Amino acid sequence: DRQVPFSIGLDETNRVLFVCNYSAVSDSITELEEDVAKLLIDNSLGVLGTSIFLGPDAKLPGGDGPLVSIAEYDTGAGTETHNGDVYPNRAFQVVVRATNFRSARTRAQAIWTLLHGQRNITVTP
């Protein structure tokens, strides 16, 4: 993770936005957004297609939220080498939306607490 969640204003429907950016280094992550969603779902932080949405072009429904969107983005950072192995640097952003400031902040903080400092984990389908 790169920083704690922070507010970036309101979306087009006046829901509060909290965002956090994360880094992932792995030789086996092929579906990064799906893997992050699985971690959130397994920890009762949302339901795919109801309160968790994937990709930069995700169509989010109306409503109070909190709604979570997860999108991978290109950092241009290349790869990282460790003990002679080369791993691609990956990055993703989590955005939480809710009409209530505290709801948005609480969900964003719970996600950050879950993902912060994760190391050597395996996400299973």
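Residues numbered from 1 in each chain as written. Predicted model: local features only at pLDDT ≥ 70, side-chain atom pairs only at ≥ 80, totals over all residues. Heavy atoms only, no water.

Asks: Explanation requested: empty space enclosed by the protein in the structure shown.
Replies: Here the idea is plain: a probe the size of a water molecule rolls over the atoms and shows the empty space left. Applying the stated criterion to the full structure yields 1 cavity of 30 Å³ or more. The calculated volume of the largest cavity comes to roughly 30 Å³. When residues of the lining of the largest cavity are traced back to their parent elements, those giving at least two are β2 (16-25), β6 (85-98) and α2 (101-115). Counting residues per element, the lining of the largest cavity draws most heavily on β2, which supplies 4 residues. The residue inventory of the lining of the largest cavity, partitioned by class, reads 10 nonpolar, no polar and no charged. (1 Å grid on protein atoms, 1.4 Å probe; cavity = no way out; pocket = protein on both sides within 12 Å on 5 of 7 lines; lining within 4 Å. Points joined across faces, edges and corners; volume = space filled by probe spheres on them. Helix = DSSP H or I, 4+ residues; strand = E, 2+ residues; numbered from the N terminus. Nonpolar A, V, L, I, M, F, W, Y, C, P; charged D, E, K, R; others polar.)

Asks: Can you walk me through the pairing of strand β4 (residues 67-73) in this structure?
Replies: Across a regular strand the side chains alternate sides, sitting on one face of the sheet and then on the other. Counted residue by residue, β4 has 5 buried out of 7 residues, so it is predominantly covered. In the sheet, strand β3 (residues 52-54) pairs with β4 via 3 bridges, with the strands oriented parallel. Bridged to I52 within β4 is V68. (Buried < 20%, exposed > 50% of the residue type's maximum accessible area, 1.4 Å probe, protein only. Pairing = 2+ DSSP bridges.)

Asks: Which parts of the structure should I look at to understand the packing of aromatic side chains?
Replies: Any two aromatic rings considered together are summarised by their centre-to-centre distance and by the angle between their planes. Within the structure shown, the criterion is met by 2 aromatic pairs. Aromatic pair Y22 and F92: ring centres 5.0 Å apart, planes at 15 degrees, arrangement stacked. Of this pair, Y22 sits in strand β2 while F92 sits in strand β6, and the two are 70 residues apart along the sequence. Y22 gets classed as buried once you look at its relative accessible area, which sits at 2%. (Phe/Tyr/Trp six-rings, centres within 6.5 Å; stacked < 30°, edge-to-face > 60°.)

Treat this as a map of the structure, not an account of what it does.
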